[in-house]
Structure formats: structure tokens, C-alpha cells
2 protein chains.
Amino acid sequence: MKATRRASAPLFVLGLGPGAPGLLTPEATAALEEASVIVGYTGYVRLVPQHFLQGKRVLSTGMTGELARAAEAVDAALGGAATALVCSGDPGVYALAGLVLEQLEARGLPPSELPLHIVPGVPAVCAAAALLGAPLMHDFACISLSDLLTPWPLIRKRLDHAFAADFVVALYNPRSKRRVSQLGEAVTIALAHKAGDTPVGIVKNAFRPGQEVHIAPLRELPFDLVDMFTLLIIGNSESRVVPGTGNSPLSWESGARMLTPRGYQSKYDMGR
Amino acid sequence: MKATRRASAPLFVLGLGPGAPGLLTPEATAALEEASVIVGYTGYVRLVPQHFLQGKRVLSTGMTGELARAAEAVDAALGGAATALVCSGDPGVYALAGLVLEQLEARGLPPSELPLHIVPGVPAVCAAAALLGAPLMHDFACISLSDLLTPWPLIRKRLDHAFAADFVVALYNPRSKRRVSQLGEAVTIALAHKAGDTPVGIVKNAFRPGQEVHIAPLRELPFDLVDMFTLLIIGNSESRVVPGTGNSPLSWESGARMLTPRGYQSKYDMGR
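Along every chain, residues carry numbers that run from 1 in the direction the sequence is written. Chains carry letters from A onward and ligands carry numbers from 1 onward, assigned in written order. Reporting in this predicted model follows two pLDDT cut-offs: at least 70 for local features of residues, and 80 or more for side-chain atom pairs to be given and counted; totals over whole chains, interfaces and linings ignore these cut-offs and use all residues. Excluded from the side-chain calculation are hydrogens and water; included are all heavy atoms of the structure.

Right, let's talk about unusual backbone geometry for a bit. In most cases, non-glycine residues show a negative phi, while peptide bonds are predominantly trans. Residue and element names in this part refer to chain B. At asparagine 173, a residue that is not glycine, the phi angle is positive and equals roughly 45°. Helix numbers and strand numbers start at the N terminus; a helix is a DSSP run of H or I with at least 4 residues, a strand a run of E with at least 2. Tracing the sequence through the fold places asparagine 173 in the loop between strand E8 (168-172) and helix H7 (181-191). Buried, partly exposed and exposed residues are distinguished by accessible area as a fraction of the type maximum, computed with a 1.4 Å probe on protein chains only: under 20%, between the cut-offs, and over 50%, respectively. Classification of asparagine 173 by relative accessible area gives partly exposed; the value is 30%. Despite not being glycine, asparagine 205 has its phi angle at roughly 50°, a positive value. Checked against the element boundaries, asparagine 205 lands in the loop between strand E9 (199-204) and strand E10 (212-217).

Here is the structure:
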């Protein structure tokens, strides 16, 4: 008989969605209930409904502790404790699912060595889009403006190609206190390909306290509204604003919504 | 006093997620409970748990009836019946949120004229990614290969730009019974920019009966496995397969998973 290895407990890498309890999936809820250890960035652990945290080991760390979080979660599960590693949005979009696989790879452990459950969630781009109306609808690209782990020339290249091909473009991490120049450069690249009145959706803290939604033309983007909790969605050449009512019918508060039509309708018979 | 208009009831345009009840959000559940009329494509209405349909008016139509569905849903809500227009995945990604706004626009009704609630859901791309491991992680583009409403030259242009800029690329609607040539062309375009061993994730019926998951190198894509219920995720230049165990360690069943590292780690200190 082989020497027995202590059996690993399940490791859930789960998406909390934007943070509203109404957008937390039952599968994520069940994982939070089952877990005895909960690991995550402090800001996201704060999004977990309090009763899931009571009586549990909670390991929360600061913004740049991603590697440590992934390692701690793998350690806890291998040590026999059911563990939930929490991410905001979806765990596979600019989040921690990949770091967990990298951890296992670095330890020479195949993913099948532990019960690994990646529980998808509503990503920030879909949460923002739902508030804005229907800005995505068609082909779109997600690009992070953070050059912490990606060289800026590559990000610039992606922006250029995405705008050249008329994708709707969602910008993650558009601006932080210390990182302010990238958004201006991104807008300059966009304006080389797109009309100045292309609508841009600006969504801060979607479905969370402090939610703010704005729609502005690309050439008049209110940079000061944009911070690290903001996601931007820049329309394609067909995107437009459906006006609301009242004195400022183009404002979101008056009911204006951002619309990217589904296809290139002008060229086709919609009835096909 | 103004002539009273019959008040509109709420219209929920909601995402069912991939179809598993565990991935249906509480907000979508509440909307299905509140609605007395449920509208959707027959295949998606089938994903709605049966008890939500009992005693309700259910309007389900075939694949190409999108315009009729959006119009019927708007009619029902304006007529005073709380209505749920159901979409699979997220309602804003290749789905119906935009058609509802187009309907309102065509009728000269501002979106604020009815209580319109767009309820985001887990999109197909995130469901597929969760099963595959962590293929997205970084900048990605979603492209539909359906040329029903979009001219094929534009789709080809988007593929070319997305691969040139080393995006991870998710292909929606890759192939149907009558539409078979596009996927081959897309792979040819990909191979002009990417190595033949770039991993491709192939996910059919994610989180639904009939689920199938495969990982294959780009140059050996098993076209016959791909149908209209399949989503493909083509890695970027850093994507790789983390092997599982057993006789075919590169197969998904043996635990192999697809990984796109978070950043361009080789160039940077991961501890930053």
C-alpha cells in the first residue's frame, strides 16, 4: 500500500460578482457556506455578506498581495480545510484563477491533485453594461490599462488594434492615484480611429455603495471622475445614446442609455 | 389634470447564466418570480426552472425571432404585465438588451418611460473559462463568427487585429449546420499570427446537460466537435496547458487545465 497523503479539501476560487447580494450566485453562496477558510483582498472580503465570515479563519491582504493570497489558499486546502478564495466579478477575468493554477504548477502538483472548483461570476464588464443599457451587444475587447505586469507598449498596441477593428472596448483599471497618464494616451489612440462623439460609459462602483454612472462623448471624457473602481466602455462606430426625458435628456439620471446595435443593420435586412 | 396613461409594469431583461440553477442569480430569480409574462427563445425558456413558468403566459419563439421577442416583451410590459425577457448568459452580450432599447427608440419612447431592469448574468465566455481553468485572465476579445448581421470582411478584420495584438480570443457562434467555412478561415487567420501549439479550449453546453470540454492545439482543432452550442477560447502567446495525471495528461478529463498567466511575468518582478 502506498503511503497515504493527507487528502486535500476543496478549493473554491469564486466570483462574488459586482458585490450586490442579489448578484451572488447560489453556487458561490454554497461555497462560502462550506468553506472554513476564506481568503481574499481586504476590499473584496468586505463584499462577502458578514454571516459567511463568522467563526471562520479569514485571511485578507492588501491590493498587491495576489501571489500570497493564492499560495495561502492552496496551502489551506492542501492542509485539509475547505477554502474559498474570493474575487470580485469573475475569478477568471483579471483575477486569481490563473494564479492558483500557477501555484499548483510551481509545486509540481497537477490540478487534479486537489478538488479545485472555479465558480464563475458576473464580471465587472457585464455589470457596468447592464447599468449603461446595452453598450456591448456585439464584438468587444477588454483591456487593462495597468502597466504593472504588462509593458505599456503592448497595451498601446492592443488599444490601437482594438479601435482600428471597431471593437467596443472595455477599459479595466483605467486610472489610479499614481497612474494617471495611461487613460489620456488611450483616449488619444481611440480618437485616431473614432469620432469625437463616440459615447463612453463611465461606471464607478457598479451595484455597490457609491455607484455612479455617466455617459459622455469620447472627446469630452471627464477624467477626474475616473478612478481605480471605475470601468469605462467605449462604443463602436454604431454606438449611440438613446435619450431620456427632462432638462438634460442625455444624462443617465434622466434615463439616457447607451446602445450598440446588434449588427450592422443598415447593410442587412433585419428580418433575415 | 393630464390624461392618464396606463402605467407600464416592469420589464426585466435578464441573463440566465449558462443554465445551471446554481449560476442563476437571486436577482434573476426574483424577476422570474415577479413576472407574469415570460418571453424568450424556446431553447432558453427550457433553461428556466419549471416552477417559474407555471400559471404564466409564456411566449417562446424560434432562433431567428429576436425582433419579435423584444417587441412582444415591450408590448406586454407597456400593457401592464410584469415581464421577463430571458437570455442565456448575460443579456448584454450577443443577446436582447440592445433590441429592447432599439424597440423603445423606434416607438419614440425614452427608456425612462417604463421600469426597465437589465439584470446581468454569468456570460458564456466566463462559464467556459471556469471549466477550462484560467484561459482569459488577461486582455481578451469576444468575436462572433456569425455573418448573418455582420459582413464577413469586418469579422475577418477583427480576427486579424485581435490575433495581431495577442489578445486571448473567445469565438461565439463558431459553426452551425449551414455555416461551416468561417471557423476554418478564422483558424487560418490565427495561424498567421500564432504558434500552431497555441492551446484552444472547446466548451460545449457549459454547465448544462451534454457538457463537453476539450483542449487542443490550434493546428489540430477538431472541427467536427464544434457546433452552435460551442464556445472556443484561443490562448495568447503565453497561454499553456497545465497537465493532469494518468495516461493522457493533456486531456481535460485527466485534469489538464488551460492557463494564461496574468501578466508578462518574464519581463517583470512578480513581487512588485
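Quick look at the pairing of strand E1 (residues 11-15) of chain B now. All names here are of chain B. Among the five residues that make up E1, five are buried, leaving the element largely enclosed by the rest of the structure. Every second residue of E1 is oriented toward a common face, with Leu11, Val13 and Gly15 on one face and Phe12 and Leu14 on the other, all of them buried. Two strands qualify as a pair provided DSSP detects at least 2 bridges between them. Note: E1 against strand E4 (residues 83-87), five bridges, orientation parallel. By the bridge assignment for E4, glycine 15 is matched with cysteine 87.

Moving on to the nonpolar core. For this analysis, a nonpolar core means a set of buried residues of the types Ala, Val, Leu, Ile, Met, Phe, Trp, Tyr and Cys, connected via side-chain atoms within 4.5 Å. One finds Leu14, Leu32 and Ile233 of chain A together with Leu14, Leu32 and Ile233 of chain B to be the most contacted residues of the largest nonpolar core, which totals 86 residues. For leucine 32 of chain A, the residues in contact, after removing those within four places along its chain, are Leu14, Leu16, Leu24, Ile38, Val48, Phe52, Lys56, Ala84 and Val86 of chain A. The next biggest cluster of nonpolar side chains, apart from the first, holds 50 residues, and it includes Trp152 and Leu159 of chain A together with Leu159 and Ile234 of chain B. Pairs of residues are marked as contacts when any of their non-hydrogen atoms sit within 4.5 Å.

The next thing to look at is the pattern of salt bridges. Only one rule defines a salt bridge in this text: a Lys or Arg side-chain nitrogen within 4 Å of an Asp or Glu carboxyl oxygen. Following the criterion strictly, the structure yields 19 salt bridges over all chains and no others. For arginine 240 of chain B, the salt bridge identified is with glutamate 105 of chain A, shortest N-O distance 2.7 Å. Within this pair, whereas arginine 240 of chain B is found in strand E12 (residues 240-242), its partner glutamate 105 of chain A is found in helix H4 (residues 97-106), the two belonging to separate chains. Residue class for arginine 240 of chain B comes out partly exposed when judged on its relative accessible area of 30%. On the accessibility criterion, glutamate 105 of chain A (29% relative accessible area) is partly exposed. Residue aspartate 166 of chain B is joined to lysine 194 of chain B by a salt bridge in which the shortest nitrogen-to-oxygen separation is 3.6 Å.

Tallying the contact residues gives 81 residues for chain A and 81 residues for chain B. Reported buried area values correspond to the accessible surface (1.4 Å probe) lost by two parts on association, with both partners' losses combined. Together chain A and chain B conceal approximately 7,000 Å² of surface at their shared face, both sides included; 64% is due to carbon and sulfur atoms. Ranking the residues of chain A by area buried against chain B places Leu149, Arg158 and Arg262 of chain A at the top, with a combined share of 11%. If you look at where chain A meets chain B, you find eight salt bridges. Residue aspartate 166 of chain B is joined to arginine 158 of chain A by a salt bridge in which the shortest nitrogen-to-oxygen separation is 3.9 Å. By the criterion applied in these results, polar contacts are pairs of N or O atoms within 3.5 Å in which, for protein atoms, one can donate a hydrogen and the other can accept it, and in which residues neighboring in sequence qualify only through two side-chain atoms. Between chain A and chain B we count 29 residue pairs in polar contact (both at pLDDT 80 or more) in total.

Superposing the copies works by least squares over the C-alpha atoms of residues that have pLDDT at least 70 in both of them. Of the two same-sequence chains, chain A is brought onto chain B (RMSD 0.0 Å, axial shift 0.0 Å) by a rotation of 180°. Such a combination of rotation and displacement between the chain copies is what one expects of a two-fold axis. Closest approach to the rotation axis within chain A is made by the C-alpha atom of alanine 141 of chain A, at a distance of 2.0 Å. Of the residues that chain A buries at the interface, 100% are likewise interface residues in chain B, meaning the two copies contact each other through the same surface.

So, on to the confidence of the model for chain A. All names here are of chain A. Confidence of the predictor in every single residue is expressed as pLDDT, which spans 0 to 100. Put simply, chain A has an average pLDDT of 92, and 94% of its residues get 70 or more. Taken together, the stretch residues 266-272 has pLDDT below 50 and engages in 14 contacts with residues farther than four places along the chain or on a different chain. Here the complex is predicted with pTM 0.95, and the ipTM for its interfaces comes to 0.95.

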